[in-house]
Amino acid sequence: MIFYYSATGNSRHAAKRLAAALDDTAVSVLDCRAESRTSFALPAGEPLGLVTPTYFMGLPTLMSDFLDALELDVEGEPYVYLVATFGNFSGTTRAMTAKALKRHGIRLAAAFGVRMVDTWTPWFDVSDRERALRITREADTRIDDIAARIRRREEGSYRLRTGPLLEARAIHALWRRGRSTAPFSVSDACIGCGRCARECPSDAIRMSEGMPVWASSTCAQCLGCLHRCPVFAIQRGPRTKRHGQWTHPGERVG
Ligand SMILES: Cc1cc2nc3c(=O)[nH]c(=O)nc-3n(C[C@H](O)[C@H](O)[C@H](O)COP(=O)(O)O)c2cc1C
Ligand code: SF4
Ligand code: SF4
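Predicted model, so just to flag it, every value in this text is computed and none were measured. Sequence positions are assigned chain by chain, starting from 1 and proceeding in written order. Throughout, the order in which chains and ligands are written sets their labels, letters from A for the former and numbers from 1 for the latter. In keeping with the predicted nature of the model, local features appear solely for residues at pLDDT of at least 70, side-chain atom pairs appear and are counted solely at 80 or more, and the whole-chain, interface and lining totals rest on all residues. Excluded from the side-chain calculation are hydrogens and water; included are all heavy atoms of the structure.

**Q** I tried to follow the environment of Arg12 on my own but got confused; where do I start?
**A** By definition, any uninterrupted DSSP run of H or I lasting at least four residues is a helix, any uninterrupted run of E lasting at least two residues is a strand, and each is numbered from the N terminus. In this structure, Arg12 sits in helix H1 (residues 10-22). A relative accessible area of 23% means that Arg12 is categorised as partly exposed. Once the C-alpha coordinates of Arg12 and Pro53 are considered, the two residues, 41 residues apart in sequence, prove to be 9.4 Å apart. Partly exposed residues are those whose accessible area sits between 20% and 50% of the maximum for their type, while under 20% is buried and over 50% is exposed, using a 1.4 Å probe and protein chains only.

**Q** In this structure, what is going on with the packing of H1 against helix H5 (residues 129-151)? I would like to understand it.
**A** The relative placement of two packed helices comes down to the angle between their axes together with the axis-to-axis distance. Where H1 meets H5, the axes come as close as 9 Å, and the angle between the chain directions of the two elements is 45°. Judged on the interaxial angle alone, H5 and H1 are oblique. When you trace H1 past H5, the crossing you get is right-handed. In contact with His13, Ala14, Arg17, Leu18, Ala21 and Leu22 of H1, H5 contributes Asp140, Ile143, Asp144, Ile146, Ala147, Ile150 and Arg151. Only Asp, Glu, Lys and Arg are considered charged, only Ala, Val, Leu, Ile, Met, Phe, Trp, Tyr, Cys and Pro nonpolar, and every remaining residue, Gly among them, polar. Counted by class, the contact of H1 with H5 contains eight nonpolar, one polar and four charged residues. Only the contacting stretch of a helix is used when fitting its axis, a line to C-alpha atoms as for every element, and angles between N-to-C directions run 0 to 180 degrees. Roughly parallel refers to an angle under 35 degrees, roughly antiparallel to one over 145, roughly perpendicular to one between 65 and 115, and oblique to any angle outside these ranges. Should the near helix be turned counterclockwise from the far one by less than a right angle, the crossing is left-handed, whereas a clockwise turn marks it as right-handed. Only heavy atoms matter for contacts: two residues are in contact if any of them lie within 4.5 Å across the pair.

**Q** Would you mind showing me how to read the site of ligand 2 here?
**A** Here a residue counts as near a molecule or strand whenever at least one of its heavy atoms sits within 4 Å of it. Neighbouring ligand 2 are 14 residues, the closest being Cys190, Cys193, Gly194, Cys196 and Cys229. Here the shell around ligand 2 is built from residues that sort into eleven nonpolar, two polar and one charged.

**Q** I tried to follow the pairing of strand S10 (residues 205-208) on my own but got confused; where do I start?
**A** Regular strands show a simple pattern: their side chains alternate between the two faces of the sheet. Strand pairing is assigned whenever DSSP identifies at least 2 bridges connecting the two strands. Of the pairings in the sheet, the one linking S10 to strand S11 (residues 211-214) comprises four bridges and is antiparallel in character. Bridge assignment links Arg206 to a residue of S11, and that residue is Val213. Counting the residues that bridge the hairpin from S10 to S11 gives two residues, and of these Glu209 lies at a positive phi of roughly 50°.

**Q** Mind showing me how you'd approach the side chain of Gln235 here?
**A** Its place among the elements puts Gln235 in strand S12 (residues 234-236). At a separation of 3.0 Å, a polar atom in the side chain of Gln235 contacts the main-chain amide nitrogen of Lys241. Those residues in contact with Gln235 that sit more than four places away from it in its chain are Pro183, Phe184, Ser185, Leu226, Thr240 and Lys241. Under this definition, polar contacts are N or O atom pairs within 3.5 Å; protein pairs additionally need one hydrogen-donor-capable and one acceptor-capable atom, and for neighbouring residues in sequence, both atoms have to be side-chain atoms.

**Q** Even after reading the chapter, I still don't get H5, so can you show me in this structure?
**A** Owing to its 3.6 residues per turn, the α-helix brings residues three or four apart onto one side. In this model, H5 (23 residues) spans 33 Å end to end at C-alpha, consistent with the 33 Å of a helix rising 1.5 Å per residue. Within H5 the residues assigned to the buried category are Ala132, Ile135, Thr136, Ala139, Asp140, Ile143, Ile146, Ala147, Arg149 and Ile150. Elements in contact with the buried residues of H5: H1, strand S6 (80-86), strand S7 (110-115) and strand S8 (156-158). One side-chain oxygen at the N-terminal end of H5 lies 3.3 Å from the backbone nitrogen of Glu130; it belongs to Asp128. Trailing H5 by a residue or two, Arg153 shows a phi angle of about 55°, which is positive. By this rule the span expected of a helix is its residue count minus one, scaled by 1.5 Å.

**Q** Would you mind going over the site of ligand 3 with me for this structure?
**A** All residues adjacent to ligand 3 are Phe184, Cys200, Pro201, Ser202, Ile205, Trp214, Cys219, Ala220, Gln221, Cys222, Leu223 and Cys225. Broken down by class, the residue content of the shell around ligand 3 amounts to ten nonpolar, two polar and no charged.

**Q** How should the packing of aromatic side chains be read in this particular structure?
**A** Pairs of aromatic rings are described using the distance from one ring centre to the other and the angle between the two planes. For Phe, Tyr and Trp, where Trp contributes only its six-membered ring, two rings pair if their centres lie within 6.5 Å, and the inter-plane angle classes them as stacked under 30 degrees, edge-to-face over 60, or tilted in between. On inspection of all chains with the given rule, the structure shows twelve aromatic pairs. Relative to Phe66, the ring of Phe3 has its centre 4.9 Å away and its plane inclined at 55°; by these criteria the two rings are tilted. Note that Phe3 is positioned in strand S1 (residues 2-4) and Phe66 in helix H3 (residues 61-69), a separation of 63 residues in sequence. Of the residues examined, Phe66 reaches a relative accessible area of 8% and is grouped as buried.

**Q** Looking at this structure, I do not really get unusual backbone geometry. What am I missing?
**A** At Phe56, a position not held by glycine, the phi torsion is positive, near 45°. Tracing the backbone through its elements, the reader meets Phe56 in the loop between strand S4 (48-53) and H3. For Gln221, which is not glycine, the phi dihedral falls at a positive 65°. In this structure, Gln221 sits in the loop between S11 and helix H8 (224-228).

**Q** I keep staring at the sheet that holds S1 and nothing clicks. Help me out?
**A** Neighbouring strands of a sheet are bound in pairs by backbone hydrogen bonds; such pairs are parallel or else antiparallel. If you walk across this open sheet you meet the six strands as S2-S1-S4-S6-S7-S8, and the pairing is parallel. The open sheet has two edge strands, strand S2 (26-28) and S8, and neither has a second partner. If you compare each strand with its neighbour and ignore which way they point, the axes differ by 20° on average. Along the sheet, H1 contacts S1, S2, S4 and S6; its crossing angle with S1, the most-contacted strand, is approximately 170°. Contacting S4, S6, S7 and S8, helix H4 (residues 93-102) crosses the sheet at an angle of about 145° to S6.

**Q** Please clarify how H4 should be interpreted in this entry.
**A** Every buried residue of H4 is listed here: Thr93, Thr97, Ala100 and Leu101. Seen from one end, H4 has its buried residues packed into an arc of 95°, which puts them on one side. In H4, the exposed positions angled more than 90 degrees off the buried face are occupied by Lys99 and Lys102. In the core, the buried residues of H4 are packed alongside S4, H3 and S6. Throughout, the arc means the angular range of directions from the helix axis out to the C-beta atoms.

Here it is in structure tokens:
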């Protein structure tokens, strides 16, 4: 079983590609949450995979909430691996996952990193389509390599590119405390389709007179609303407009 969280399709694509290569099943943690499913039975000998983006040098809140609530019925010690997707540095994502699993008595045996397009567009530019597609093709090669390592039940860390861990911990803790929706805005280009409100995993957006309004002061900061808007009407701060939108071309997201 492979559990994945994904806002813009990168991690979903990685999970699906791994599932196809390993003859396994990829399950969205957002679907589990919608169905209030927290208990799962893992057949003996079956590996457990976790695929997640990196958010500010650590685990996205939606993935760590899922891991905190997870109840796993399993015989013996399963082979458990993490695949962290990231744009630059995965920071403490492995350490946070290992800690969350340890609380349930589960050992994280392996952690793999896959560099993909960085969707944090308040800082990073995804507008060069050729570059983004090149990164995406290279990621597929890495995912196939990781599948081979999982088949061999390799342990340890591979291609995680953590960066300095002390700083990563501080950056992640600060980000968790913030996560304000105040920087979001919507332009007149909005056609009132309501997609952003329907698909927000934090239920932070409400439609009012045909336009989205941020009804919660904080959210998961996944940027799904910004990247999936059909007319690119949502921005977060002054730079996202020129940095462009990204959803993985192989995935229907949302
Ligand atoms: C809120 C947020 C924070 C992010 N922080 C990091 C980060 O600290 N390091 C990094 O390398 N990439 C970071 N990224 C980029 C994502 O980890 C990367 O693009 C990931 O593949 C997106 O996965 P998804 O398309 O499955 O949602 C961040 C993206 C978002 C939306
Ligand atoms: S997804 Fe975009 S166009 Fe649709 S309601 Fe939201 S902002 Fe408006
Ligand atoms: S408001 Fe936008 S960025 Fe925040 S959780 Fe909802 S979809 Fe994600």
